[in-house]
Amino acid sequence: MSTDHFQQLVDQQYALLYRFALSLAKSEADAADLTQQTFFLWASKGDHLRDRSKARSWLFTILYREFLGRRRHEVRFPKVELDDVREQEMSISPNVNVFDSTTVLQALRNVEELFRAPLTLFYLEQFSYQEIADILEVPIGTVMSRLSRGKAQLREQLLSNEEVLRNKVVSFQSDRREESHG
Amino acid sequence: MDNREAKFILSAYRPNGQDSSDPHFGDALAQARRDPILQHWFEDSVALDSAMTELLHAVPAPANLRENILAGAKLNRASHWKKRFVKWAIAAVLMLGCECGIIDLA
């Protein structure tokens, strides 16, 4: 592959891959390392990919596999059965306007890992359920289930963050009131 | 199809409308059009998804990451060619050795 083509691919994908890695990894350094490793693997193996239009999903697949491989060394991968789907009440929507990207990313990182990967691919790259299924190598029904449950967990996270923010504002206002009276 | 099933399917519907003609979503979308409560939930869900997409795209990548990737790949490429050269050199020496009768592979 030519250097120009490689550079073009890096320019197009590195920030998106980094954000995906950041949602999975424990730290920014780990995320940057995963992103770099993905491109190095592309540089050594990507030439074998005949269909260049699949480069984008190939990169995301490789990054995810790399992440799983590293994670297996740390802890045993948790097995979560999808049959025990409990009804998630998703009727209350959090007010996303009160959050910034850091808070939203943190809420996403608090979602269980199994649901976080499809959710990040869905939000970041707007991958379809079929593309997510191909990247994560799971059936489309599983992707839908994980998206549904992941979104429910994300809502819970955002709602609890919203609650914390609201309490902070209330306590700040009451402090100010006390100061002005005192 | 009940609302629970429709919510399950619509969770995979992308906020920019790329999936509007996907037959997998047909029944769930029709159900949402018929049921105002489900429709309200769906609109909320799409709005939340759009906001999430926008906010996550605002997460900055480290300033030096791009340069590190390009520099690392350059090094890898150089080392790849070096390894290849060494392999070819060994092969050439072996062939020459066989040819001259110095090495007997049999």
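Residues numbered from 1 in each chain as written. Chains lettered and ligands numbered in written order. Predicted model: local features only at pLDDT ≥ 70, side-chain atom pairs only at ≥ 80, totals over all residues.

Undergrad: Would you mind showing me how to read the overall build of chain B here?
TA: Of the regular secondary structure elements, chain B holds 4 helices and 0 strands. Counting from the amino terminus, chain B carries its helices and strands in the arrangement α-α-α-α. By the compact-globule yardstick of 13 Å for 106 residues, chain B is too spread out, its C-alpha radius of gyration being 30 Å. Along the longest, intermediate and shortest principal axes, the C-alpha atoms of chain B span 90 × 40 × 20 Å. Of all 106 residues assigned to chain B, the portion counted as buried reaches 22%. (Helix = DSSP H or I, 4+ residues; strand = E, 2+ residues; numbered from the N terminus. Rg over C-alpha atoms; globule rule 2.2 N^0.38 Å. Buried ≥ 20, exposed ≤ 12 C-beta atoms within 10 Å, placed from the backbone.)

Undergrad: I keep staring at the overall build of chain A and nothing clicks. Help me out?
TA: Helices and strands together make up the secondary structure of chain A, namely 7 helices and 0 strands. Here chain A holds 182 residues, and 36% of them are scored as buried. Expressed as a percentage of contacts within chain A between residues at least 6 apart in sequence, the contacts between residues at least 24 apart total 69%. (Contact = placed C-beta atoms within 7 Å.)

Undergrad: Is there a simple way to explain the confidence of the model for chain B in this structure?
TA: A low pLDDT means the predicted coordinates there should not be read in detail. Scored by pLDDT, chain B has a mean of 86; 91% of the residues are at 70 or more. Across the interfaces of the predicted complex, the ipTM metric reaches 0.70, alongside a pTM of 0.72. (pLDDT = per-residue confidence, 0-100.)

Undergrad: Would you mind showing me how to read the interface of chain A and chain B here?
TA: Where interface size is quoted, it is often the accessible area lost as the parts come together. The partner chain B presents 32 residues to the 35 residues of chain A that form the contact. Among the elements of the structure, helix 1 (3-24), helix 2 (28-45), helix 4 (101-109), helix 5 (113-124) and helix 7 (140-181) of chain A are those that each provide at least two residues to the side of chain A that touches chain B. Of the residues that constitute the side of chain A that touches chain B, the class distribution is 21 nonpolar, 10 polar and 4 charged. (Nonpolar A, V, L, I, M, F, W, Y, C, P; charged D, E, K, R; others polar.)

Undergrad: Is there a simple way to think about the domain arrangement of chain B in this case?
TA: Domain boundaries in chain B define domain 1 (3-57) and domain 2 (62-106). Using only C-alpha atoms to locate each centre, domain 1 of chain B and domain 2 of chain B end up separated by 53 Å. (Domains from an automatic or database assignment.)

Undergrad: When you look at the domain arrangement of chain A in this model, what are you seeing that I'm missing?
TA: All names here are of chain A. Partitioning chain A into domains gives domain 1 (1-76) and domain 2 (97-182). Taken together, the contact between domain 1 and domain 2 spans 10 residues of the former and 13 residues of the latter. Every element with two or more residues in the side of domain 1 that touches domain 2 is listed here: helix 1 and helix 3 (55-74). For the side of domain 1 that touches domain 2, the element with the highest residue contribution is helix 1, accounting for 6 residues.

Undergrad: How should the confidence of the model for chain A be read in this particular structure?
TA: Across chain A, the average pLDDT comes to 80, with 76% of residues at 70 or higher. Note that residues 77-89 of chain A has pLDDT below 50 and, in this model, 10 contacts with residues that lie over four places away or in other chains.

Undergrad: Can you walk me through the packing of helix 1 of chain A against helix 2 of chain A in this structure?
TA: Each pair of packed helices gets described by two things: the angle between the helix axes and the distance between those axes. Residues and elements named next belong to chain A. At a minimum axis separation of 9 Å, helix 1 and helix 2 run at an interaxial angle of 145°. Regarding helix 1 and helix 2, the two cross each other, and that crossing is right-handed. Contacts from F6, V10, Y14, L17, Y18, A21 and L22 of helix 1 reach helix 2 at E28, A31, A32, L34, T35, T38, F39 and A43. Tallied by class, residues from the contact of helix 1 with helix 2 come to 12 nonpolar, 2 polar and 1 charged. (Axes fitted to C-alpha atoms, helices over the stretch in contact; angles between N-to-C directions. Left-handed = near helix turned anticlockwise from the far one by under 90°.)

Undergrad: Help me understand the packing of helix 4 of chain A against helix 3 (residues 36-57) of chain B in this model?
TA: Helix 3 of chain B packs onto helix 4 of chain A with a crossing angle of 110° between their chain directions and a minimal axis gap of 8 Å. One element, helix 4 of chain A, and the other, helix 3 of chain B, form an angle in the roughly perpendicular class. Here helix 4 of chain A contributes A:S101, A:V104 and A:L105 to the contact with helix 3 of chain B, which in turn contributes B:M52, B:L55 and B:L56. Partitioned by chemical class, the residues of the contact of helix 4 of chain A with helix 3 of chain B number 5 nonpolar, 1 polar and no charged. (Parallel < 35°, antiparallel > 145°, perpendicular 65-115°, else oblique.)

Undergrad: Sorry if this is basic, but what is going on with the environment of A:I132 here?
TA: Residues and elements named next belong to chain A. Position of I132 among the secondary structure elements: in helix 6 (residues 129-136). Separated by 10 residues in sequence, I132 and T142 have C-alpha atoms that sit 10 Å apart. Excluding residues that lie within four positions of it along the chain, I132 makes contacts with P118, L121, F122, F127 and V143.

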